[in-house]
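Here is how the chains run, residue by residue.
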There are 2 protein chains.
Amino acid sequence: MTADGRTPPAPGPRKRADARRNRERLLAAARETFAEEGPDASLNEIARRAGVGPGTLYRHFPTRQALQSAVLADRIARLRAQADDLTATASPHEALTTWLHAFLAHARGDHGLTGSLLTAPLDPGFDCHAAIREAAENVLSRAQHAGTARPDVSADDLIRLTVGIALSTGQGDADPARPDRLLALVLDAVRTPPGLKHTPDPT
Amino acid sequence: MTADGRTPPAPGPRKRADARRNRERLLAAARETFAEEGPDASLNEIARRAGVGPGTLYRHFPTRQALQSAVLADRIARLRAQADDLTATASPHEALTTWLHAFLAHARGDHGLTGSLLTAPLDPGFDCHAAIREAAENVLSRAQHAGTARPDVSADDLIRLTVGIALSTGQGDADPARPDRLLALVLDAVRTPPGLKHTPDPT
DNA sequence: ACCTGAACACCGTTCAAGT
DNA sequence: ACCTGAACACCGTTCAAGT
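Numbering of residues starts from 1 in each chain and follows the order in which that chain's sequence is written. Just so you know, chain letters begin at A and ligand numbers begin at 1, following the order they were written in. Since the coordinates come from a predicted model, pLDDT governs what is reported: local features require at least 70, and pairs of side-chain atoms require 80 or more to be given and counted, while whole-chain, interface and lining totals use all residues. Water and hydrogen atoms were dropped before computing side-chain values, which therefore reflect all heavy atoms in the structure.

Identification of chain A as TetR/AcrR family transcriptional regulator from Actinocorallia libanotica is taken from an unreviewed UniProt entry.

Written as structure tokens, this is what we have:
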């Protein structure tokens, strides 16, 4: 990954015009199809919708994960930007809370795309895991320095807990408020100094 | 489901001998194959390993979930029994903690079988979701009555949080202690009275 | 009453052949 | 340099035909 975490090779205009057009068509078709059928949608179907042969899809995106990453890239960039904004405008604790809830909504809103991508082994192309971790580290370390988040929790921990909530609360739940409630519970623990109530005597 | 949560129709010896034998062979093959290749393993492959035609598999287990449930049934029964044991032998808080860690280990140990089953919509056959919930309610309500678990959390909440941790911490993690650490964090929150540190003055 | 296994429509992936 | 699309091995699922 590049030092600043942006999309590495910057798919500049150095390619043939038809190649660029096909890439764009494939991305649009993938966005549509993943949204409708989830992260396991048929790749042949995506190629078909893009008006392109299967081989062309594989040439542009050698693996299903590569295609999924590309589809998510801009949404993840937005999450990163939001973390920066919150750092500038909200209190440390508010920023942490708000950003994690936004991330949860994001992970729940894409039929499991983010979840499946963050669960699987990393993709060397666009490393969306790293980008999200930087955003999480941004808001978390600020809260830790302010003393409103316990120091023994990592950005990765928070991401995994949140993704876990997103994955385990399917959209068919009787209680639509459950995901946010569970995240709030987790955040309670993050705010609490570890071992506070286990050792009432500090001596 | 039956009132006591046992496997409902009790697949008694009322069937033809070859049918029973095939059922057993299919279950064994499924156990093997799911363990090796995860919950999405090929059903044809399972039938092949059982030395049986695909149609026979479908006759015994009309859906993939039905087969998965049958494979897990006895392991889930053991988890229920363990909850009963803990209730009799350990303190309320210890019982809750120990059982949830056991459940987490179980959910992490089967290549995601439990996770995929608890995430998907319920199966009317053997309802493993209900069985697990009863076990969780067993240990949770006892802790709540003893005052060591906050009352605004439900057995379903705990199950979802734990399954979420199991799903989001793949086995390829750099930190093998992470799952148990995250569960301990969650249990901290469950023990803490809600809003304790938000309102330092009880008046 | 249960089992068999061929058959169908589909999938992921590759690769010669084209331009 | 890139695209096409036929081809291969496989999958889930069904269903006539058997015993």
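On to the side chain of A:His60, then. Residues and elements named next belong to chain A. Looking at the secondary structure, you find His60 in helix 3 (residues 54–60). Given a relative accessible area of 17%, His60 falls into the buried group. Working rule for contacts: check all heavy atoms of both residues, and any pair within 4.5 Å makes them a contact. Aside from chain neighbours lying at most four places away, what touches His60 is Ala19, Asn22, Arg23 and Leu26. Only DSSP runs of H or I with at least four residues qualify as helices, and only runs of E with at least two residues qualify as strands; both kinds are numbered from the N terminus onward. Relative accessible area decides the class of each residue, using a 1.4 Å probe on protein chains only: under 20% of the type maximum gives buried, over 50% gives exposed, and in between gives partly exposed.

Taking the numbering used here, the UniProt-annotated feature "DNA-binding region" (unreviewed entry) corresponds to residues 42–61 of chain A. Between the end C-alpha atoms of residues 42–61 of chain A the distance is 14 Å, and the span holds 70% helix and 0% strand. UniProt positions are given in the numbering used here, feature names are shortened, and annotations may be inferred rather than shown by experiment.

A few words on helix 1 (residues 17–37) of chain A. An α-helical turn contains 3.6 residues, so any two residues separated by three or four positions project in the same direction. Residue and element names in this part refer to chain A. What a helix should span is 1.5 Å times the count of its residues minus one. An ideal rise of 1.5 Å per residue puts 30 Å on 21 residues; helix 1 measures up with 30 Å between its terminal C-alpha atoms. What helix 1 keeps buried is the set Ala19, Asn22, Leu26, Leu27, Ala29, Ala30, Thr33 and Phe34. Buried-residue contacts for helix 1 involve helix 2 (43–49), helix 3, helix 4 (64–89) and helix 6 (113–119).

Residue proximity to a molecule or strand is established when one non-hydrogen atom of the residue lies within 4 Å of it. Lining the immediate surroundings of DNA strand D are 20 residues, of which A:Arg16, A:Asn22, A:Thr56, B:Asn44 and B:Tyr58 lie closest. Considering DNA strand D, the proportion of its atoms within 4 Å of the protein that are sugar or phosphate atoms stands at 63%. Two N or O atoms form a polar contact when they lie within 3.5 Å of each other; inside protein one atom must be a possible hydrogen donor and the other a possible acceptor, and for residues adjacent in sequence the pair counts only when both atoms belong to side chains. Here A:Gly53 contributes a backbone N or O atom positioned 3.4 Å from a phosphate oxygen of DNA strand D. Within the side chain of A:Thr56, one N or O atom sits 3.0 Å away from a phosphate oxygen of DNA strand D. Of all the secondary structure elements, the ones that give two or more residues to the surface near DNA strand D are helix 1 and helix 3 of chain A together with helix 2 (43–49) and helix 3 (54–60) of chain B. Classifying every residue of the surface near DNA strand D gives seven nonpolar, eight polar and five charged. Asp, Glu, Lys and Arg are counted as charged, while Ala, Val, Leu, Ile, Met, Phe, Trp, Tyr, Cys and Pro are counted as nonpolar; the rest, among them Gly, fall into the polar class.

It is worth spelling out unusual backbone geometry at this point. Residues and elements named next belong to chain A. The backbone of His111 shows a phi angle near 60°, a positive value even though the residue is not glycine. Of note, His111 is situated in the loop between helix 5 (92–108) and helix 6. His111 sits in the partly exposed class, given a relative accessible area of 40%.

The next thing to look at is the packing of helix 4 of chain A against helix 7 (residues 128–146) of chain A. Residue and element names in this part refer to chain A. Lines fitted to C-alpha atoms define the axes, with helix axes restricted to the stretch in contact, and inter-axis angles between N-to-C directions lie between 0 and 180 degrees. The N-to-C vectors of helix 4 and helix 7 enclose an angle of 10°; their axes lie 9 Å apart at closest approach. Our classification of the angle between helix 4 and helix 7 gives roughly parallel. Helix-helix and strand crossings are classified by hand; for helix 4 and helix 7 the assignment is left-handed. Taking contact as the criterion, the partners of Ile76, Leu79, Arg80, Ala83, Asp84, Leu86 and Thr87 in helix 4 are, on helix 7, Cys128, Ala131, Ile132, Glu134, Ala135, Asn138, Val139 and Arg142. Each angle gets one of four labels, with under 35 degrees taken as roughly parallel, over 145 as roughly antiparallel, 65 to 115 as roughly perpendicular, and the rest as oblique. Should the near helix be turned counterclockwise from the far one by less than a right angle, the crossing is left-handed, whereas a clockwise turn marks it as right-handed.

Lining the immediate surroundings of DNA strand C are 20 residues, of which A:Asn44, A:Tyr58, B:Arg16, B:Asn22 and B:Thr56 lie closest. Here DNA strand C approaches the protein such that, of its atoms within 4 Å, sugar and phosphate make up 63%. One of the side-chain N or O atoms of B:Thr56 is found 3.0 Å from a phosphate oxygen in DNA strand C. Elements with a contribution of two residues or more to the surface near DNA strand C: helix 2 and helix 3 of chain A together with helix 1 (17–37) and helix 3 of chain B. Tallying contributions element by element places helix 3 of chain B first for the surface near DNA strand C, with five residues. Across the surface near DNA strand C, the residue classes tally to seven nonpolar, eight polar and five charged.

In the numbering adopted here, UniProt assigns the feature "domain: HTH tetR-type" (unreviewed entry) to residues 20–79 of chain A. The annotated region residues 20–79 of chain A carries 80% helix and 0% strand content, and the separation between its end C-alpha atoms amounts to 26 Å.

Right, let's get into the environment of B:Val71. Residue and element names in this part refer to chain B. Residue placement: Val71 occurs in helix 4 (residues 64–89). A residue is classified by how much of its surface remains accessible, and Val71, at 1% relative accessible area, is buried. Along the primary structure Val71 and Glu32 are separated by 39 residues, whereas in three dimensions their C-alpha atoms are 9.8 Å apart.

This brings us to the confidence of the model for chain A. All names here are of chain A. Along the chain, pLDDT gives the predictor's confidence residue by residue, from 0 to 100. When the pLDDT values of chain A are averaged, the result is 86; 85% of them are 70 or greater. The low-confidence segment residues 1–13, where pLDDT is below 50, has 13 contacts with residues more than four positions distant or belonging to other chains. For residues 197–203, every residue scores under 50 in pLDDT, and the model assigns this stretch five contacts once sequence neighbours within four places are set aside.

Let's shift gears to the packing of aromatic side chains. All names here are of chain A. Put simply, two rings from Phe, Tyr or Trp (the six-membered ring, in Trp's case) pair if the centres are within 6.5 Å, and we call them stacked under 30 degrees between planes, edge-to-face over 60, tilted for the rest. Considering all chains together, one arrives at two aromatic pairs over all chains under this definition. Ring geometry for Trp99 versus Phe103: centroids 5.5 Å apart, planes at 10°, classification stacked. Of this pair, Trp99 and Phe103 both sit in helix 5, four residues apart, which is roughly one turn of that helix. Classification of Trp99 as buried rests on a relative accessible area of 0%.

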